[in-house]
Structures are given as C-alpha cells and as structure tokens.
Amino acid sequence: MSSLALLIVFLLILPFVHYSGDFAWRGFTRDLTGISYLYTSGAWLPNAGIFSHMLLGALITVLAPLQLMSSLRNRWPAVHRASGYVLFTAAVLTASGGLVYIVVRGTIGGSLMDVGFSLYGACLLASAVMTVHHARRQDVERHRQWALRFFFLAIASWLYRVHYGLWYALTGGLASAKDFSGLFDQVQNFAFYVPYLIGLEIYFRSGRRP
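Keep in mind the model is a prediction, meaning the values are calculated, not measured. (Residues numbered from 1 in each chain as written. Predicted model: local features only at pLDDT ≥ 70, side-chain atom pairs only at ≥ 80, totals over all residues. Heavy atoms only, no water.)

Counting its secondary structure elements, the protein chain contains nine helices and zero strands. Seen in sequence order, the protein chain has helices and strands lined up from the N terminus as α-α-α-α-α-α-α-α-α. Relative to its length of 210 residues, the protein chain is compact, with a C-alpha radius of gyration of 17 Å against a globular reference of 17 Å. Seen through its principal axes, the protein chain has C-alpha atoms that stretch 50 × 40 × 30 Å. Within the protein chain, buried positions represent 42% of all 210 residues. Here the contacts in the protein chain between residues at least 6 apart in sequence split such that 69% fall between residues at least 24 apart. Roughly 11300 Å² of accessible area belongs to the protein chain as shown, and the carbon and sulfur atoms make up 67% of that amount. Treating the 16 positive side-chain charges of the protein chain as one cloud and the 8 negative ones as another, the clouds have centres 12 Å apart. (Helix = DSSP H or I, 4+ residues; strand = E, 2+ residues; numbered from the N terminus. Rg over C-alpha atoms; globule rule 2.2 N^0.38 Å. Buried < 20%, exposed > 50% of the residue type's maximum accessible area, 1.4 Å probe, protein only. Contact = heavy atoms within 4.5 Å. Areas by Shrake-Rupley, 256 points an atom, 1.4 Å probe, with all protein chains shown as cover. Lys, Arg positive; Asp, Glu negative; His and termini not counted. Charge placed at Lys NZ, Arg CZ, Asp CG, Glu CD.)

As a further point, take the packing of aromatic side chains. Here the structure, examined in full by the defined rule, presents 18 aromatic pairs. Where phenylalanine 23 meets phenylalanine 51, the ring centres are 5.9 Å apart and the plane angle is 50°; that geometry is what we call tilted. Here phenylalanine 51 lies in helix α2 (residues 44–68) and phenylalanine 23 lies in helix α1 (residues 3–29), a separation of 28 residues in the sequence. The exposure classification of phenylalanine 23 matches that of phenylalanine 51, with both residues buried. Relative to phenylalanine 184, the ring of tyrosine 164 has its centre 5.1 Å away and its plane inclined at 85°; by these criteria the two rings are edge-to-face. Within this pair, whereas tyrosine 164 is found in helix α7 (residues 156–171), its partner phenylalanine 184 is found in helix α8 (residues 183–191), the two being separated by 20 residues in sequence. (Phe/Tyr/Trp six-rings, centres within 6.5 Å; stacked < 30°, edge-to-face > 60°.)

The terminal C-alpha atoms of helix α5 (residues 111–136) lie 38 Å apart, and with 26 residues this matches the ideal 38 Å at 1.5 Å per residue to within 8%. For α5, the full list of buried residues reads Met113, Gly116, Tyr120, Gly121, Leu124, Ser127, Ala128, Thr131, Val132 and His134. At the exit of α5 stands glutamine 138, carrying a positive phi of roughly 60°. (Expected span 1.5 Å × (residues − 1).)

This is the structure:
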C-alpha cells in the first residue's frame, strides 16, 4: 500500500477520530444519561469498557496508517518499533473494553450484533498479538501480513460508518432501522471487517508481496 494512499486514509479518518475521542472523553467526565444509549447511568464497568474502547480505538485508528508508511518506517525504525508496542497495548485495551461492554450490557442490535462485534474484537486482539509476535521473531513477511490485517481491523470502525454513509446516500436508508434490526444492519454486523480480511487472504495467496 503506497504512502500516498495511506496519507489519504489518514486525512479522511481524522474527523471520525476527533469525534470518537471527544465523545469518549465526555463519557468519562460527564453524565450522558438521556444523551447516548451507550451510557449506563450509575454503572461504572460498562461505561469504562465502552468509553475506553472509543478513546483508545481513536488512537489505533489514527496511528495504524502512519505505522504502515514505508517512508516513516525506514527513516525512523526505532519510532516504528515503539509506536508498534503502543498500538499493541492500545489494541488489547480497546478490544477488551468493547468485549466487557458486550458481556455486561450487550449491543443495541441484539444477539447478532453481539456476535459480530465480539468476533471483531477477537480478530483485532489476535492480529495485534500476531503482528508483534512475528516482529519479535524477525519474520518480516508474516509480520507484514499480520500488520495489514491489523490495519484494516484498526480502521474498521471508520469503515463501518463509511458503509452507512454510502448506503444512506444511495438508498435513503433502505433495510436499515434505528434499532439496527434491518437486513442491511444485520449484514453490517460482519461486513465492515470480514470482506476485507477475506480480500487480504486472497491477495496473500496470490503470491504477491504485501
């Protein structure tokens, strides 16, 4: 993936990153009862889970494109390694926070969204672990492959919203509901990350170097 493409992605995700970070900070510092369904009045565990998920998720979303830029990686390899461990730690906490929220409270979309988002959290966690594992083993090729998987999972929350934006622009929200019970909503429980992972596997198996 070229540095120019990564820079474009980086610029496009900045508004989402700002929104997510700002909303998470308000969740930690204010009572959002009646303002957001994500906030659970009087319950610190689900609030800590979801808002740490959003705050640290914003961090990995904005750092992941920069981590793949070869120009930055080659010029400052020590920074690349250090930021890699920052991303690993943030990803573990992000996935854990989201999973805690799902277990304690559940998602607004019900059991199918619980499954889809839990699987996403598990994939994010696994890709972070494997990326660092292969880096420490100095297996460059596998490290790059897992880094690409991690990249798409790191920006998946943004992709989720891009899918909705495009769908509403094209169809006016066909098969989508406020409680996320529509057919499009149900497909989206998996479509914001699974097709990208499948596409990467096809790319890897084609024999091309990432």
